[in-house]
Amino acid sequence: DGGITQSPKYLFRKEGQNVTLSCEQNLNHDAMYWYRQDPGQGLRLIYYSQIVNDFQKGDIAEGYSVSREKKESFPLTVTSAQKNPTAFYLCASSPLRGASYNEQFFGPGTRLTVL
Amino acid sequence: AQSVTQLDSHVSVSEGTPVLLRCNYSSSYSPSLFWYVQHPNKGLQLLLKYTSAATLVKGINGFEAEFKKSETSFHLTKPSAHMSDAAEYFCATPSGGGADGLTFGKGTHLIIQP
């Protein structure tokens, strides 16, 4: 059953802590993305990666970090430098060629709450 | 840079009546355009996409959208609303060249009245 998995579904963090959100895909897609969703804001791009061991900042990368050591995995770390991390985080993947080029496939999301 | 604007933050229709969700785009060329749907606390699901093959695009669950270059619009329609259509809908377009991610509109919350 192909798709994108994100874990955990809900995550609670104390102020000053780093937390890591998991994203795994078995669609054999080259590109992976992290978006942040806030009410009434739509989705905003945090980081993206088109190839293993390479990634680029999106529109709101400050306070976040990523790694891409495997094609299937693109974890996002929310650091203590992120001033307002409470949000819904969505991971997506996309093929870089073929009929679905530029089409993004989304995971179920992780809701992060800072206590 | 490409962008999209969703003209309504909320749309309310009665069950069985037509649905119209509006999206305008800004681009210097004919862009790719997408409509996604999101049910509460879920990820996004692709409804349909325009990639310049045909101006009228049919999607899943009875939705369709028409690309109108003269109006820079890509409005989403459905002839008859169902209660299960209640959700958040997003219009999106590629941010730039290659695979740099999508730029999303702020979303339209569709409410279905019984």
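Everything below is about the structure printed above this text.
All values reported here derive from a predicted model rather than from experimental measurement. (Residues numbered from 1 in each chain as written. Chains lettered and ligands numbered in written order. Predicted model: local features only at pLDDT ≥ 70, side-chain atom pairs only at ≥ 80, totals over all residues. Heavy atoms only, no water.)

Per the secondary structure count, chain A includes zero helices and eleven strands. When the elements of chain A are put in sequence order from the N terminus, they spell out β-β-β-β-β-β-β-β-β-β-β. Against the compact-globule benchmark of 13 Å for 115 residues, chain A has a radius of gyration of 13 Å, which places it among compact chains. Its C-alpha atoms give chain A principal-axis dimensions of about 45 × 25 × 25 Å. The buried share of chain A, taken over its 115 residues, is 48%. Counted over contacts in chain A with a minimum sequence separation of 6, partners at least 24 positions apart contribute 53%. Accessible surface, chain A as shown: approximately 5,600 Å² in total, 48% of it carbon and sulfur. (Helix = DSSP H or I, 4+ residues; strand = E, 2+ residues; numbered from the N terminus. Rg over C-alpha atoms; globule rule 2.2 N^0.38 Å. Buried < 20%, exposed > 50% of the residue type's maximum accessible area, 1.4 Å probe, protein only. Contact = heavy atoms within 4.5 Å. Areas by Shrake-Rupley, 256 points an atom, 1.4 Å probe, with all protein chains shown as cover.)

B:Trp35, B:Leu48, B:Phe74, B:Leu76 and B:Tyr89 are the most contacted members of the largest nonpolar core, which totals 25 residues. Those residues in contact with B:Tyr89 that lie beyond four places of it in its chain are B:Gln6, B:Leu21, B:Trp35, B:Tyr36, B:Val37, B:Leu47, B:Phe63, B:Leu76, B:Gly107, B:Thr108 and B:Leu110. (Core = buried A, V, L, I, M, F, W, Y, C linked by side-chain atoms within 4.5 Å.)

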